[in-house]
Structure formats: structure tokens, C-alpha cells
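Here's the letter readout for the chains.
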Amino acid sequence: MRRVAILGSTGSIGRQSLDVIAAHPERFSVCGLAAGTKTELLAEQIRAFAPAVVSCATQAGVSDLAERVAPRAPGSPAIRLEHGERGLIAVAAESGADIVLAATDGLVACRAVFAAAERGIDIALANKEIAVAAGEPLFAAAREAGARIMPVDSEHCAVFQCLLGEKTSDVKTVVLTASGGPFVDFTLHELESVTAAQALVHPTWTMGAKNTLDSATLMNKGLEVIEACRLFELAPSQIDVVVHRQSIAHAFVVFADGNVKAQIASPDMRMPIGFALAYPERLDRAVALEATRRALGLQSQQSTLTFEPVDHARFPSLKLAYRAALAGGTYPAVLSAANEEAGRAFLQGKIRFVEIGEIVAAALDAHNARPARLPEIEEADRWARSFTRDVVTGSRRS
Ligand code: MG
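Rules behind the numbers
- Residues numbered from 1 in each chain as written.
- Predicted model: local features only at pLDDT ≥ 70, side-chain atom pairs only at ≥ 80, totals over all residues.
- Heavy atoms only, no water.
- Phe/Tyr/Trp six-rings, centres within 6.5 Å; stacked < 30°, edge-to-face > 60°.
- Helix = DSSP H or I, 4+ residues; strand = E, 2+ residues; numbered from the N terminus.
- Buried < 20%, exposed > 50% of the residue type's maximum accessible area, 1.4 Å probe, protein only.
- Core = buried A, V, L, I, M, F, W, Y, C linked by side-chain atoms within 4.5 Å.
- Contact = heavy atoms within 4.5 Å.
- Patch = residues over 30% accessible without salt bridge, like charges linked within 9 Å, V, L, I, M, F, W, Y side chains within 5 Å.
- Areas by Shrake-Rupley, 256 points an atom, 1.4 Å probe, with all protein chains shown as cover.
- Salt bridge = Lys/Arg side-chain N within 4 Å of Asp/Glu carboxyl O.
- Pairing = 2+ DSSP bridges.
- Donors = N, O, S within 2.8 Å, 3.2 Å for Na, K, Ca; no water.
- Axes fitted to C-alpha atoms, helices over the stretch in contact; angles between N-to-C directions.
- Parallel < 35°, antiparallel > 145°, perpendicular 65-115°, else oblique.
- Nonpolar A, V, L, I, M, F, W, Y, C, P; charged D, E, K, R; others polar.
- Domains from an automatic or database assignment.
- Buried area = accessible area lost by both parts, 1.4 Å probe.

A. Examining the packing of aromatic side chains more closely. Enumeration over the complete set of coordinates arrives at 8 aromatic pairs. Taking 5.1 Å as the distance between ring centres and 85° as the angle between the ring planes, the aromatic pair formed by Phe183 and Phe353 counts as edge-to-face. Of this pair, Phe183 sits in the loop between strand S8 (171-178) and helix H8 (188-191) while Phe353 sits in the loop between helix H15 (331-347) and helix H16 (355-366), placing them 170 residues apart in sequence. Here Phe183 matches Phe353 in class, with each residue buried. Through successive ring pairs, a cluster of aromatic residues spans Phe183, Phe186, Phe346 and Phe353.

Following this line, the structure appears as C-alpha cells:
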């Protein structure tokens, strides 16, 4: 029985993780849950999974939760309720977890993830921004404490599986696939006037708003390039990206002798979630097998897999990610934070879609790099957010 703590339990990945856990009660139990402000859903999750430690964003949220989960059956164990960063750390590092699934946005759970890794607790990392901004010190801390960091992202789960039994020194190139997002066929002119509603409809994946918008700009793939460098100790030049609209093949690994391994699975986040939580074992998922048979054309209808190059003129964000990866230090933190803030501004109707990449580029131009240590990373994150908000409100425009 593996005890799981989830940071970000009411988000898209958090909810899908609880689906996976609920389907395998013989393998997993939930010892900790942390969420932001969705206390009604969090209270439901507490009733269903009975975690020992729970955290939400604010003290008011704690009071609300205390009311919602009471009255409990007499003799049932008390729940420890916490809030804020202290609460996230309690859930990650003090709930008795064997593995912490980090599925928050931004760096809000960064210190909690570090606290768990430093105690040797395994991490299932769905929180891309932590891997991108703080990957260097996080992976070092995990290595030192003997904690395993498992990717919860279809592409990195794919690379991880392709590398099982292989030597990293034999890897020539890793190719990550991108669906292309909802605007893959839009002209530059059409991209000028796309709306938030259009950007939030993903053709193949069910994800939260942040990842869905990042898929539309292709910044999602850029963040994944940096994440792959961290996870598999590769140079940015060893990673390629190809557009693959069907989202069936998630990554390729090209070896020195010319052999290529690909991983194929139907696009369902519960696949990489289940893999990360159960590794080195595999879950029995009949639903997933059916979907894969359909995707592979084994069930009467034909299935075609296509691969196309990325058009960098229409989707400039991917090159910005390579630029930040090569520059190193605090540049990836600035890339990630500026992108998150610019994306939020677009979703609020404050800037146009094409301005997201322009603002991220401006933040990289204006940044003075620092070494990639946690305090400097957090400072770069704050700086990039404030820089981006200033650009959005126009105070830096001539
Ligand atoms: Mg992905």
C-alpha cells in the first residue's frame, strides 16, 4: 500500500489522480491533500479519502473546511487542518507520504516539494513550473536524499519508459511531440484576433486552463524541453519537437546506433499519473486498453499518425524556451513566470494572444541572470511577474 499526498487536489491533475487512486484501493491510500480555495470540493475529497493532513489557501478556508467535514463519526481520527505554505509543507513532508504528487501551478508549492525531496520522499512531478524554474537545485536535493522524481507528463513518462534498460550516454536525440494546440492551422493574421475561449478548447487533451493555453502558444512544449533536460540530464540541443496532431505517440528516443524507441498510448493524463504512482509496477486499466485499441486502428476504423515540423514564425514561444534553457541560471524561472502572468492577462482580455510571446521575450531581454539557487529563483519569479504586470498595464510602454 503506497501512501500518497497530493498538492493541488482540486485541479485537473489532482482530480484525475484521485480517480486513479479510487480505482486501485488495494494499492494506494491518501494521507494528505492540499488545495487552494475550492473548499467545497476539498471537503468532498476529505470525506471520500480520509487523509490525515489537509491544507487550503487561507485561515478562513480552514474554518470553512472544519465546518464542512464535521460532524464526523464518533471515534474517527482527527484531521490536521493547516493553511498557506506551512500547510503545503505539512501535507508534503509531515503526512507520512511515500510519494507526493505535485500538481499545483507556479512556484506556490516549491518549498513543500523541496521539503519532501530533502526527506527522501519520492515526488510525482506534474508541476512543470517547479521543474523548469527550480529543477537544478531540486534534482540535486532529491539525488542527495535518495528521493525519486517521477514525471507526470505524457512526454516525459514516454521518455522515461523508452530509457528503461538503456544508458543515457547512448541517447543521441529525444523528440517530444506536440499536438499543435487549437491554432495549429491558423495564419499569423488569424492569430492576431483569437479569443481566450478559442484558446481553451484543446483538440486532444483534457487539462487545466494554464496547460491548455500553453499548448495553444506551444510554450507548454518549451517548458517540457527544459523539464526533459533536467529529468534526463540532456543538453537542450539534444531535444527536438515535432507536431503530431493525434497525441498518440508521446516521445521518441533516438540512440547512437540509429535505433529509435517510441512510446504510444491514448491521450489520457491518468496514464502518466498511474505510471508515476505505481512505478515500478503497472496498473491494470481495462479502459485504457480499449482506448489504445481504438487509437491504433485495431477496432475497425483506420488510424493515421502524422508528424510535421513546428512553424516558429507563428509559434515563437518554443524558441524562447530554448533560449532560456541555454542561458541557464534564473532565465528559465523568468520564462516560466512571465509566461504564466502574460497568459493570465490574455485570459482576462488585457492583451492579445500574439503579445504573450512578445512579453516573455521582453522579460528575458530585461533580466540579469543569477545562479539557480532557491532564493534567487524565487526572487527572479517575483521580478518577472512584476515586470510582466507592468508591461501589461502599459507603464513600460513608450
Ligand atoms: Mg505534456
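We are not done yet, so read on.
B. Structural context of the nonpolar core. If you look at the biggest cluster of nonpolar residues, it comprises 141 residues, and the most contacted ones within it are Leu7, Val100, Leu101, Leu277, Leu335 and Phe353. Discounting chain neighbours no more than four positions away, the residues touching Phe353 are Phe183, Leu191, Val194, Leu213, Ala216, Thr217 and Phe346.

C. View of a nonpolar patch on the surface. On the surface, a cluster of nonpolar side chains totalling about 410 Å² of accessible area is made up of Ile264, Leu296, Leu298, Leu305 and Phe307. One can find Phe307 in the loop between helix H13 (286-295) and helix H14 (317-327).

D. Summary view of unusual backbone geometry. For the bond from Tyr279 to Pro280, the omega torsion is 5°, close enough to zero to count as cis. Within the element layout of this structure, Pro280 appears in the loop between helix H12 (270-278) and H13. Its identity as a non-glycine residue notwithstanding, Glu233 has a phi of 50°, on the positive side. Considering the arrangement of structural elements, one finds Glu233 in the loop between helix H11 (219-232) and strand S9 (239-243). For Glu233, a relative accessible area of 59% gives the class exposed.

E. Representation of the pairing of strand S5 (residues 99-102) within the structure. Burial of the side chains of S5 extends over both faces: Ile99 and Leu101 are buried on one face and Val100 and Ala102 on the other. Pairing geometry for strand S1 (residues 2-7) and S5, over 4 bridges, is parallel. When the sheet's bridge partners are listed, Ala5 is paired in S5 with Val100. When S5 meets strand S6 (residues 122-125), the two strands line up parallel, connected through 4 bridges. Within S6, the residue paired with Leu101 across the bridge is Ala124.

F. Representation of the coordination of the magnesium ion within the structure. For the magnesium ion, the full set of protein donor atoms is Asp153 (OD), Glu155 (OE) and Glu224 (OE), and the range of their distances to it is 2.0 to 2.1 Å. In primary sequence terms, the donor set of the magnesium ion follows D-x1-E-x68-E. You can see Asp153 sitting in the loop between strand S7 (149-151) and helix H7 (154-162) and its partner Glu224 sitting in helix H11, a full 71 residues away along the chain. Exposure class is identical for Asp153 and Glu224. Each is buried.

G. Examining the packing of helix H10 (residues 209-217) against H15 more closely. The geometry of H10 relative to H15 is characterised by a closest axis approach of 11 Å and an angle of 95° between their N-to-C directions. Between H10 and H15, the angle is such that the two are roughly perpendicular. Between H10 and H15, the contacting residues are Lys210, Leu213 and Asp214 on the first element and Asn339, Glu340, Gly343, Phe346 and Leu347 on the second. A per-class count over the contact of H10 with H15 returns 3 nonpolar, 2 polar and 3 charged.

H. Representation of the domain arrangement of the protein in the model. For the protein, the domain assignment lists domain 1 (2-151), domain 2 (155-322) and domain 3 (328-398). Relative placement of domain 2 and domain 3: their C-alpha centres are 25 Å apart. Taken together, the contacts link 20 residues of domain 2 with 16 residues of domain 3. In total, domain 2 and domain 3 occlude about 1,500 Å² of area from one another, counting both sides; carbon and sulfur atoms represent 77% of this. Area buried by domain 2 at its contact with domain 3 is led by Glu192, Leu213 and Leu320, which between them contribute 33% of it. Linking domain 2 with domain 3 are 1 salt bridge, by the criterion used here. Among the ionic pairs, Arg352 bridges to Glu192, the shortest N-O distance being 2.3 Å.

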